[in-house]
Amino acid sequence: MAGKIYLEILSDVNKNKVEVTIETYVTLFVYRFIRCDENISIYLIRSVPKDNSTKITVDVSGFKFHVIDGSNSDFQNEAAALVKYPVIVNDKCVIAGLCAVCRGLVKLVNDNEANKLLGFKEGCLQAPSETSTWTKFCEIDVINCTDTVLKLNAKHFEGKKSFQLFDEFVRFEKHLALPVRIHNVYKVARDLAKEKTTQAKLVQQFEQFGVDGREKTPRLNKQRKSKANFVEISSSTPQDQLNIPHTFAEGQDVHLVDIIMYACYFLMFKTLPNTQSLSMSLPLTTKWMSALRAKAELKSSSSILLQNQLVVADDIAYNCPSKEFESLYKSDPKRYKPKARIFTKQSEIIASLDKVNALNLNIASLPMTVTNQINWSTVPYQALPEGGKLPEKRLNRKKHQLECLAQCVLTIEKPGDRIVDFCSGAGHLGILLAYLLPDCQIILLENKEESLMRARERVDLLKLDNVHLFQCNLDYFIGSFNIGCSLHACGVATDIVLSLCINQRANFVCCPCCYGGIHTIPHIQYPRSATFRTDGGILDTEYMHIAHCSDQAHDVNKGECNVEKSEQGQFCMDVVDTDRKLMAEECGYKVQLLRLVPEDCTPKNRLLVGAIAV
């Protein structure tokens, strides 16, 4: 299976040496480890480094590659230029994001030994960083830690006898001290128990006979045989009692997570001074690295690095932070957890709404008028919700949702437009638009590999040549487009989509969802608009009271909810989306806040339609 991998470089290639980013270094490390064949072409994209860019010098003499100027206008129109590096482009889709790209490399190699790196049911690093602690740790936390280490200089150690290690070092060290928790943990425990029993039997047979060849006393033999009895492990045995130690990051086998992290740890250990003291402070990490270092492929991969170690006082000692850390097997304690949020009191909601009402705004959504209904009988099966294997009870509701969003897109599109279906899932909206708009280019953007592959099957069956699939996080997409749309992008994802559209001066059609999942992230702050934030003085906590209440907007026609609460929730949805509307208007957009019809096609039936004001 052929593929192309695009990696960012920060200098020209000179005598097989080149300066690269941390992500490029790690990707080349993995590429070398899994012994990618010549079917995977390497393209090194020359970029202009930023003032604070971390540069790693590597030896690329063992790679076949092509160098491309990233500012070249022809290259800017290619799919690889639309997302952040590293990037894989194959016949299926465009993949961006370090962990997803490394998984993609393994799959492109299509080798049984390489596939073992993906672990049980190929689940290693499969989930995106938004939902997986492991993926976030590898793709963001450890990369940021490596960047911090590489930016250290002698002044950071000057006059110091000790240096405190960064949190990521300690989190992984404590993780290695915990019992293994994996999907097939009972199978692994039974295999280890059998292995120990076999070893015990071999020792017993060896010790059963004396130096004269005669069998020892039956009583002694009986005692030793009892020690070699197999220990039965029941599925009811608590996992914490299995006591399977970590040889590698996820248990007894080498997985892709080990290779990615080893590349970073190898670089950090090579950079930090006094490696002996560092090893004493991180004994389990050092043992893990030693187990991996025995792999011949790792020795070959490590040879690409040309980084020098810091030269400072040899007697520097390393201390570990004393605070507690959650297991990497558990959810990141810093990650927002909607289900774990504190219950919002009615008095808090009322107080927050009073501040909103004091702004004297017209907070309301209008039912949209469906004038261009889709003739579903003429739409091919694979472009229907049925083609996406939706349950029958959801089909009609999904058709109404798609009809509303598609109509809005049809009223603002122009031939040749690039339309991005963000959080596309299995492609219900994007595939329908691709069929209805053959003169437009449709991008399906989704970070879940399985969902995107279901969309790929439908696209292939329909033989649509105007659809491009991108597997990546929202923030990794940096390309230009004309229209951005999303159907039920959860929580803060809707605000990321709106931000991407505004940055590209693109029109948008967005149906939000999961208002209670809204939370502040570095580049998305709440309230969104200056009207709410500055004029109204509405605080982040007050805004969250309203957002949480929005999820109480249930369908009153089902008779299973409090009507008064539901009406309050409906109003709170309008408040949040009015804030979004005002934010876009402050950026030069003309925006409508509408409701899907029929309104019971989904409880989350608001629709934001924005166009650049003329």
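Residues numbered from 1 in each chain as written. Predicted model: local features only at pLDDT ≥ 70, side-chain atom pairs only at ≥ 80, totals over all residues. Heavy atoms only, no water.

Novice: If you had to explain the overall build of the protein to someone new, which residues and values would you point to?
Specialist: Along the protein, the regular secondary structure elements total 20 helices and 17 strands. The buried share of the protein, reckoned over its 614 residues, is 52%. Taking contacts inside the protein between residues at least 6 apart in sequence as the whole, the part at least 24 apart equals 75%. Surface summary for the protein: the accessible area is close to 29,600 Å², and the carbon and sulfur share equals 50%. (Helix = DSSP H or I, 4+ residues; strand = E, 2+ residues; numbered from the N terminus. Buried < 20%, exposed > 50% of the residue type's maximum accessible area, 1.4 Å probe, protein only. Contact = heavy atoms within 4.5 Å. Areas by Shrake-Rupley, 256 points an atom, 1.4 Å probe, with all protein chains shown as cover.)

Novice: An account of the packing of aromatic side chains is needed here, citing residue identities and associated values.
Specialist: Summed over all chains, the structure comprises 23 aromatic pairs. Looking at R32, its charged tip hangs above the ring of F63, at a distance of 4.6 Å from the centre. (Phe/Tyr/Trp six-rings, centres within 6.5 Å; stacked < 30°, edge-to-face > 60°. Lys NZ or Arg CZ within 6 Å of the ring centre and 35° of its normal.)

Novice: Can you tell me about the nonpolar core, naming the residues and giving the values?
Specialist: Judged by nonpolar contacts, the single largest core of 126 residues is most densely connected at Y25, W134, M261 and W288. Other than its neighbours up to four places away in sequence, W288 contacts F172, L176, T247, F248, A249, D258, M261, Y262 and Y265. (Core = buried A, V, L, I, M, F, W, Y, C linked by side-chain atoms within 4.5 Å.)

Novice: Go over the pattern of salt bridges, please, and point to the residues and values.
Specialist: Should the charged atoms of two oppositely charged side chains come close, the side chains can pair. On inspection of all chains with the given rule, the structure shows 22 salt bridges. Between K107 and E449 there is a salt bridge; the shortest N-O distance is 2.6 Å. Placement of K107 in helix α3 (residues 98–109) and of E449 in helix α16 (residues 449–462) is noted, with a sequence separation of 342 residues between them. Across the pair E113 and K116 runs a salt bridge whose closest N-O atoms are separated by 3.1 Å. Neither E113 nor K116 differs from the other in exposure class; each is exposed. (Salt bridge = Lys/Arg side-chain N within 4 Å of Asp/Glu carboxyl O.)

Novice: With reference to specific residues and values, describe the environment of F266.
Specialist: For F266, the location among the structural elements is in helix α9 (residues 256–271). When the C-alpha positions of F266 and S302 are compared, they lie 7.9 Å apart, and in sequence the two are 36 residues distant. Apart from the residues lying within four places of it in its own chain, the contact partners of F266 are Y25, M289, S302 and L305.

Novice: Outline the pairing of strand β15 (residues 507–513), listing residues and values.
Specialist: β15 sits mainly inside the fold: seven of its seven residues count as buried. Here β15 shows no split at all, with N507, V509, C511 and C513 on one side and F508, C510 and P512 on the other all buried. One ladder, built from seven bridges, connects strand β14 (residues 483–490) with β15; its direction is parallel. Bridge pairing in β15 places A489 opposite P512. With helix α17 (residues 492–503) bridging β14 and the parallel β15, this β-α-β connection has right-handed handedness. Bridge count between β15 and strand β17 (residues 606–612): three bridges; the pairing is antiparallel. Bridged to C510 within β17 is L608. (Pairing = 2+ DSSP bridges. Right-handed = clockwise from strand over helix to strand, strands pointing away.)

Novice: Quick rundown of the confidence of the model for the protein? Include the residues and the values.
Specialist: In low-pLDDT regions, the fine details of the predicted coordinates are not to be read closely. Averaged over every residue, the pLDDT of the protein is 87; the share at 70 or more is 87%. In the predicted structure, residues 223–228 sits below a pLDDT of 50 and forms eight contacts with residues beyond four places in sequence or in another chain. (pLDDT = per-residue confidence, 0-100.)

Novice: Can you explain the packing of α9 against helix α11 (residues 283–293)? Please cite residues and give values.
Specialist: Where α9 meets α11, the closest approach of the two axes is 11 Å, and the angle between their N-to-C directions is 115 degrees. Here α9 is positioned roughly perpendicular relative to α11, judged by the angle of their axes. Where α9 crosses over α11, the handedness of that crossing is left-handed. Facing D258, M261, Y262, Y265, F266 and F269 of α9, the residues of α11 in contact are T285, T286, W288, M289, L292 and R293. In terms of residue class, the contact of α9 with α11 is made up of eight nonpolar, two polar and two charged. (Axes fitted to C-alpha atoms, helices over the stretch in contact; angles between N-to-C directions. Parallel < 35°, antiparallel > 145°, perpendicular 65-115°, else oblique. Left-handed = near helix turned anticlockwise from the far one by under 90°. Nonpolar A, V, L, I, M, F, W, Y, C, P; charged D, E, K, R; others polar.)

Novice: Residues and numbers for helix α13 (residues 346–357), please.
Specialist: For α13, spanning twelve residues, the distance from its first C-alpha to its last is 16 Å, which sits close to the expected 16 Å at 1.5 Å a residue. Listed in full, the buried residues belonging to α13 are I349, S352, L353 and V356. Along the axis of α13, the buried positions cluster into a sector of 100 degrees, meaning they face one direction only. Contacts made by the buried residues of α13 are with α18 (530–535), α19 (540–550) and α20 (563–586). (Expected span 1.5 Å × (residues − 1). Arc of directions from axis to C-beta.)

Novice: How would you explain the pairing of strand β12 (residues 441–446) if you had to name every residue and give the values?
Specialist: Summarising burial for β12: five of the six residues are buried, a large majority. In the sheet, strand β11 (residues 418–422) pairs with β12 via five bridges, with the strands oriented parallel. Each bridged residue has a counterpart across the sheet, and for D421 the counterpart in β12 is L444. Chirality of the crossover, the property in question, places the unit of β11, helix α15 (residues 428–436) and β12 among those that are right-handed. One ladder, built from five bridges, connects β12 with strand β13 (residues 467–471); its direction is parallel. Bridging from a neighbouring strand, E446 pairs with Q471 of β13. For the segment spanning β12, α16 and β13, crossover handedness is right-handed.

Novice: So what's going on with the side chain of T285? Residues and values would help.
Specialist: When you line up the elements, T285 lands in helix α11. Not counting residues within four places of it along the chain, the set of residues in contact with T285 comprises F172, E173, L176 and Y265.

Novice: Give a description of the packing of helix α1 (residues 22–33) against α9 that names residues and reports values.
Specialist: For the pair α1 and α9, the least separation of the axes is 9 Å and the interaxial angle reads 125 degrees. The angle between α1 and α9 falls in the class oblique. α1 and α9 meet at a crossing whose hand is right-handed. Residue-level contacts link Y25, V26, F29, V30 and F33 of α1 to L256, I259, I260, Y262, A263, C264, F266 and L267 of α9. Here the residues of the contact of α1 with α9 are counted per class, giving 13 nonpolar, no polar and no charged.

Novice: I'd like to hear about the side chain of Q471, residue by residue, with values.
Specialist: Its place among the elements puts Q471 in strand β13. Apart from residues no more than four positions distant in its own chain, Q471 is found in contact with C93, V94, I95, A96, A100, E446, N447, E449 and L452.

Novice: With reference to specific residues and values, describe the environment of M544.
Specialist: With respect to the helices, strands and loops of the structure, M544 is situated in helix α19. Separated by 18 residues in the primary sequence, M544 and Y526 place their C-alpha atoms 8.4 Å from one another.

Novice: Explain unusual backbone geometry to me, using residue names and the numbers behind them.
Specialist: Backbone torsion omega between Y85 and P86 reads 5 degrees, so that peptide bond is classified as cis. By the secondary structure assignment, P86 is in the loop between α2 (73–76) and β6 (87–90). Look at the link from Y526 to P527: it is a cis peptide, with omega at -5 degrees. Locating P527 in the fold gives a position in the loop between β15 and α18. Of note in the backbone geometry, C423 takes a positive phi value of approximately 55 degrees without being a glycine. Mapped onto the fold, C423 is located in the loop between β11 and α15. The phi dihedral of H488 is positive, around 60 degrees, even though this residue is not glycine. Relative to the elements of secondary structure, H488 occurs in strand β14.

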